[in-house]
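Reading the structure
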Amino acid sequence: MPVKKNKTKTVLGWREWVSLPELGIENIKAKVDTGARTSALHAFDVKINEANEKRTVDFKMHPLQDNVDYVVECHADVIEERDVTDSGGHRERRWVIETMAVIGDTKLPIEMTLTDRDTMKFRMLLGRTALKSNFIVDPDKSYLTRPDDES
Amino acid sequence: MFRCNRQFMFGALLLASVSQSVLANQTKTGWLEEVSIGGIGLTIEAKIDTGADNSSINAENPTLYQKDGRQWVKFTVQNKNEHEIVIDKPVTKKTKIKTKNGGRQERVVIELDICLGVIKKRVMVNLVDRSHFKYQLLIGRSFLSPDFLVDSSNTFSLKPQCQ
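All of these numbers come straight from a predicted model, not from anything done at the bench. For every chain, the first residue of the written sequence is number 1, and numbering continues from 1 along that sequence. In the order they appear in the text, chains get letters beginning with A and ligands get numbers beginning with 1. At least 70 in pLDDT is required for a residue's local features to be given in this predicted model, at least 80 for side-chain atom pairs to be given and counted, and no such filter applies to totals for whole chains, interfaces and linings, which use all residues. To obtain the side-chain values, all non-hydrogen atoms of the structure were included, while hydrogens and water were left out.

Right, let's talk about the overall build of chain A for a bit. Looking only at helices and strands, chain A features 1 helix and 11 strands. Strands here mean DSSP runs of E at least two residues long; helices mean DSSP runs of H or I at least four residues long; both are numbered from the N terminus. Written out in order from the N terminus, the α and β elements of chain A read β-β-β-β-β-β-β-β-β-β-α-β. A globule of 151 residues ought to have a C-alpha radius of gyration of about 15 Å, and chain A, at 16 Å, matches this closely. Residue burial is assigned from relative accessible area. The probe radius is 1.4 Å, only protein chains are included, and a residue is buried under 20% of its type maximum, exposed over 50%, and partly exposed in between. Buried positions account for 48% of the 151 residues belonging to chain A. In this description, contact between two residues means that some pair of their heavy atoms is separated by no more than 4.5 Å. Sequence separation of at least 24 residues holds for 56% of the intrachain contacts in chain A that already meet a minimum separation of 6. Distance from the positive charge centre (24 side chains) to the negative charge centre (27 side chains) of chain A: 7 Å. For this measure, only C-alpha atoms enter the radius of gyration; the expected value for a globule follows 2.2 Å times N^0.38, where N is the number of residues. In this charge count, Lys and Arg are treated as positive and Asp and Glu as negative; neither His nor the chain ends contribute. Charge coordinates come from a single atom per side chain, which is NZ of Lys, CZ of Arg, CG of Asp or CD of Glu.

Take the interface of chain B and chain A next. Across the contact, 24 residues belong to chain B and 28 residues belong to chain A. Counted as salt bridges are all cases of a side-chain nitrogen of Lys or Arg within 4 Å of a carboxyl oxygen of Asp or Glu. Put simply, chain B and chain A have 1 salt bridge between them. N or O atoms within 3.5 Å of each other form a polar contact, as long as, within protein, one can give a hydrogen and the other can take it, and as long as residues adjacent in sequence are counted only when both atoms are side-chain atoms. Summed over the shared surface of chain B and chain A, the result is 13 residue pairs in polar contact (both at pLDDT 80 or more). Taken together, the elements giving at least two residues each to the side of chain B that touches chain A come down to strand 1 (27-37), strand 2 (42-48), helix 2 (141-144) and strand 11 (148-155) of chain B.

This part is about the state of the cysteines. Residue and element names in this part refer to chain B. Disulfide assignment relies on a single distance test, namely cysteine sulfur atoms paired within 2.5 Å. According to the stated counting rule, one finds 1 disulfide over all chains in the structure shown. Note that Cys-115 is cross-linked by a disulfide to Cys-162, the S-S spacing being 2.0 Å. Taking the sign of the S-S torsion, about 90 degrees here, the bridge from Cys-115 to Cys-162 comes out right-handed. Separated by 47 residues along the polypeptide, Cys-115 in strand 8 (residues 104-116) and Cys-162 in the segment after strand 11 bring together distant segments of the chain.

We now examine the packing of aromatic side chains. Stacked, tilted and edge-to-face are the three classes applied to pairs of Phe, Tyr and Trp rings, where Trp contributes its six-membered ring and a pair requires centres within 6.5 Å; stacked means planes under 30 degrees apart, edge-to-face means over 60, and tilted covers the rest. A full pass over the atoms with the stated rule returns 4 aromatic pairs over all chains. Two conditions define a charge located above a ring, namely a distance within 6 Å from the ring centre to NZ of Lys or CZ of Arg, and an angle within 35 degrees of the ring normal. For the cation-ring pair, A:Arg128 lies above B:Trp31, with the distance from its terminal atom to the ring centre recorded as 3.4 Å. Over the ring of B:Phe143 we find B:Lys121, and its NZ or CZ is 5.3 Å from the ring centre.

This paragraph deals with the sheet that holds strand 4 (residues 60-67) of chain B. All names here are of chain B. Spatial strand order, 4-5-6: 3 strands in an open sheet with antiparallel pairing. Two strands lie at the open edges of the sheet, namely strand 4 and strand 6 (84-90), each paired on one side alone. Within this sheet the neighbouring strands show an average axis-to-axis angle of 20 degrees, counted without direction. DSSP-based pairing: two strands are paired if at least 2 bridges between them are found. By the bridge criterion, 6 bridges tie strand 4 to strand 5 (residues 70-78) in an arrangement that is antiparallel. Opposite Glu-60, over in strand 5, you have Thr-76 as the bridge partner. A fitted line through C-alpha atoms serves as each axis, taken over the contacting stretch for helices, and the angle formed by two N-to-C directions is quoted from 0 to 180°.

This brings us to the environment of A:Tyr143. All names here are of chain A. If you trace the backbone, Tyr-143 turns up in the segment after strand 11 (135-138). On the basis of relative accessible area, Tyr-143 is assigned to the buried category, the value being 11%. With 39 residues separating them in the primary sequence, Tyr-143 and Gly-104 have C-alpha atoms 9.5 Å apart. Not counting chain neighbours up to four residues away, the residues in contact with Tyr-143 comprise Arg-15, Glu-16, Trp-17, Lys-29 and Asp-148. Within the local environment of Tyr-143, its side chain forms a polar contact with the side chain of Lys-29, the two groups lying 3.4 Å apart.

Here the focus is the confidence of the model for chain A. Residues of chain A with pLDDT of at least 70 account for 91%, and the chain-wide mean is 89. Element-level pLDDT for chain A is lowest in strand 7 (residues 72-85) of chain A, with a mean of 92, against a maximum mean of 98 in strand 11 of chain A. Known as pLDDT, the predictor's confidence for each residue is given on a scale from 0 to 100.

A separate point is the pairing of strand 2 of chain B. Moving residue by residue along a regular strand, the side chains alternate between the two faces of the sheet. Residue and element names in this part refer to chain B. Buried residues dominate strand 2, accounting for 6 of its 7 residues. Across 6 bridges, strand 1 lies against strand 2 in antiparallel orientation. Within strand 2, the position partnered with Val-35 by the bridge is Ile-44. Relative to strand 10 (residues 137-139), strand 2 runs parallel, the two being bridged by 3 bridges. By the bridge assignment for strand 10, Ala-46 is matched with Leu-137.

Residue and element names in this part refer to chain A. Locating Ser-19 in the fold gives a position in strand 2 (residues 15-20). For Ser-19, the side chain forms a polar contact with the main-chain oxygen of Glu-26, separated by 2.6 Å. Excluding its chain neighbours within four sequence positions, the residues that come into contact with Ser-19 are Ile-25, Glu-26, Asn-27, Met-100, Ala-101, Val-102 and Arg-146.

Residues and elements named next belong to chain A. Throughout the structure, instances matching the rule amount to 14 salt bridges over all chains. With its nearest N and O atoms 2.6 Å apart, the salt bridge here joins Glu-80 to Arg-82. According to the relative accessible area criterion, Glu-80 is partly exposed, its value standing at 31%. Note that Asp-83 is salt-bridged to Arg-93, the shortest N-O span being 3.1 Å.

Encoded structure:
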């Protein structure tokens, strides 16, 4: 019989501050979204490098909401290309990266698809796959792991 | 002065313990659950979505009409066993939703009773064409707050059992 781990899960609000240290993003406001399977990150100028054995990606992003002047240049390993259906029901082929995320005291690798979310309010969505082992979500609260004024 | 401070401290402690007990009363739900809607009860599968402000439902053949000086809407909801109910409600309001490609969409909003576990609430629900989506009903934060905690590793953990 498999051993069932019953560890206590950390409660997150529906909005949380997240760090993505490997991408050079210290603080990004994420929407914690149990309606989404995969996490997503807003990205533009996405360039795939296939020269080496390992496929990598360079992209730029605006980590601050409502601010398109501050740009971070990021680099990550590509896992695969995947078809994703967005909240409007549109199917889209997206690049998937894996990167370390720090949420409160928890550090974990997460998969994220890269998408142009510039028209949407949140530059990052934290979906079910990233949530399910470590977190539960309180839809009534926000910023439980770090106060909002710490940005 | 000292006494005043002590009272303040006591008040703060009391407040802290009250909010603790509120937290303890939250029901855990999975990200996918069976809920019942519309009082007489059609059981349908709903996606529990902390990313959505409000709830929305797939309304088949929605018809807007006038009754007693106000606008009503009549539509059909079908579950996966092909049981269906007709819902006939006054229109609460019409709302504009921002779509991903920057466009705007007008949606009809009604008030609907939704039962998840033992908790029944009347909330605003947007009528949408969700025919190309997997789940007919999407339950957002206005229903879930402050009664539920959502566990993304769980599904079908509650049965609708409202009075």
